[in-house]
Amino acid sequence: MVELTILNIVLIIVFGIFIGILGSSMGVGGGAFIVPFFVLVFSIPIKYAIAVSLVSIIATSSAVASVNVERGLTNVRLGIFLEMSMAIGSIVSTFVMMKTNSSIIQLLFSFMLLPVALTMFLKAKKTKKTEHKEISLNLNKDNKNLSTFFDPSLGRNVVYAPKKLKTAFFFSFFGGVMSGLFGLGGGIVQVPVMNILCGVPIKAATATSNFMIGLSASASAIILFKNGYILGDIATFLIVGVVIGSIIGMKFLYKAKGSTIQLFFSFLLMFLSLKMIWSVFK
Amino acid sequence: MKSLSEKKLFEIISDVLRSGVVLFMVISLFSFLFKNSHFHQYLLNLALIILILTPVMRILILAVGFYKLGDKRYSFYSSVILILLFLGLFIKK
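Description of the structure in this document.

Quick notes on the packing of aromatic side chains
All names here are of chain A.
Piece 1. Inspection of the entire model under this criterion finds 23 aromatic pairs over all chains.
Piece 2. Centre to centre, the rings of phenylalanine 170 and phenylalanine 171 are 5.5 Å apart; their planes meet at 70°, and the pair counts as edge-to-face.
Piece 3. Of the residues examined, phenylalanine 170 reaches a relative accessible area of 49% and is grouped as partly exposed.
Piece 4. Pairing phenylalanine 170 with phenylalanine 174 gives two aromatic rings, centres 5.5 Å apart and planes at 75°, and the pair type is edge-to-face.

Quick look at the interface of chain B and chain A
Piece 1. Listed per partner, the contact involves 44 residues of chain B and 43 residues of chain A.
Piece 2. A buried area of about 3,900 Å², summed over both sides, lies between chain B and chain A, and 74% of it is on carbon and sulfur atoms.
Piece 3. Counting across the chain B and chain A interface gives 5 salt bridges.
Piece 4. With a shortest N-O distance of 2.8 Å, A:Arg77 and B:Glu6 are connected by a salt bridge.
Piece 5. Our count for the contact surface shared by chain B and chain A stands at 11 residue pairs in polar contact (both at pLDDT 80 or more).
Piece 6. Contributions of two or more residues to the side of chain B that touches chain A are made by α1 (6–31), α2 (38–68) and α3 (72–88) of chain B.

Some points on the packing of helix α3 (residues 46–71) of chain A against helix α8 (residues 202–226) of chain A
A packed helix pair is summarised by two numbers, namely the angle formed by the two axes and the spacing between the axes.
All names here are of chain A.
Piece 1. At a minimum axis separation of 8 Å, α3 and α8 run at an interaxial angle of 145°. The interaxial crossing formed by α3 with α8 has left-handed handedness. Where α3 approaches α8, its residues Ala51, Leu54, Ile57, Ile58, Ser61, Val64, Ala65, Asn68 and Val69 are matched on the opposing element by Ala207, Asn210, Phe211, Ile213, Gly214, Ala217, Ser218, Ser220, Ala221 and Leu224.
Piece 2. Here the residues of the contact of α3 with α8 sort into 13 nonpolar, 6 polar and no charged.

A closer look at the environment of A:Ile17
Residues and elements named next belong to chain A.
Piece 1. Among the secondary structure elements, isoleucine 17 is positioned in helix α1 (residues 6–26).
Piece 2. A relative accessible area of 25% places isoleucine 17 in the partly exposed class.
Piece 3. Setting aside residues no more than four positions away along its own chain, isoleucine 17 makes contact with Gly241, Val242, Ile244, Gly245 and Ile248.

As for helix α7 (residues 187–197) of chain A
Residue and element names in this part refer to chain A.
Piece 1. Summarising burial for α7: 8 of the 11 residues are buried, a large majority.
Piece 2. Listed as buried for α7 are Gly187, Ile188, Val189, Gln190, Val191, Val193, Met194 and Asn195.
Piece 3. Of the residues one or two after α7, glycine 199 is the one with positive phi, at around 75°.

Conventions we followed
- Residues numbered from 1 in each chain as written.
- Chains lettered and ligands numbered in written order.
- Predicted model: local features only at pLDDT ≥ 70, side-chain atom pairs only at ≥ 80, totals over all residues.
- Heavy atoms only, no water.
- Phe/Tyr/Trp six-rings, centres within 6.5 Å; stacked < 30°, edge-to-face > 60°.
- Buried < 20%, exposed > 50% of the residue type's maximum accessible area, 1.4 Å probe, protein only.
- Contact = heavy atoms within 4.5 Å.
- Buried area = accessible area lost by both parts, 1.4 Å probe.
- Salt bridge = Lys/Arg side-chain N within 4 Å of Asp/Glu carboxyl O.
- Polar contact = N/O pair within 3.5 Å; in protein donor to acceptor, adjacent residues only side chain to side chain.
- Helix = DSSP H or I, 4+ residues; strand = E, 2+ residues; numbered from the N terminus.
- Axes fitted to C-alpha atoms, helices over the stretch in contact; angles between N-to-C directions.
- Left-handed = near helix turned anticlockwise from the far one by under 90°.
- Nonpolar A, V, L, I, M, F, W, Y, C, P; charged D, E, K, R; others polar.

Here's what the structure looks like:
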């Protein structure tokens, strides 16, 4: 489908590094950039681009989660609980994606990028406020869901107790739909759900989301692999870059207090969305 | 296995996730040494299967691990996810 010249390989690896930094430091954004990149730059049909995106999400999630689980940043129990509905969303939406016309998927994907860009834009604006609020959330010591992690940027333990779990369970289904239908991973749903709805601090929410999206991507990728959608050659070089980028990004996540880079990426996503819509009607 | 603690369980999970990615990279890059043979595609598929099944493996270990820790609720949740993933295998184009 794509001739793997040295130039193309280098381009894919460099792009993978960029995606790895973005995905691991912000919890969202990987798939939102991978799919347009392969569709617009390499003219790969969107369903194959989604499959490559999902495989790279598994790699990013696994690489990042392996560190965050050890650090105690990931809330494993919360992740497992929400993964149940997320897995159902992934499996159902993958089936729908395979049955739907590629142009429709591309159009839906392009429109989906706009709220993703908007969420990223709003998140960039709110990051500082949330970090100061989150320390005093839900400190009832009798609460069975009480969780804690050490935040080096604050120099102290952050204690919290996730709330509204049933509502979060419902919304996680749509996180799975994002994964199976668009190859987006679902972090764009999971991070706000856990942070805003459940009251999970942004860093723990990002880490838990990263942990979860690997499974939802896996649920979809199993189906796509069985049906011959995964381009192994391209995925390999993308993942080499993604893993390198993830290692760089994880250091950024652990130490950073917030990010204004998200503003730039939110505008870039808006541009990509318009470009994708344009390429459907061209 | 009696001495399994939650910390130890999470360390095992970390190792499994890390190993999955490393194995994928080693096998898939190694496959390019045989670029023009069937062996390339065979190794590449093997690498992809290992990577795709890495999160499945961590759910399997969590299901067993939580059961050993006496946390039956999360062992049950993990088992439900495994069943869902298994059902996904029957979906065709």
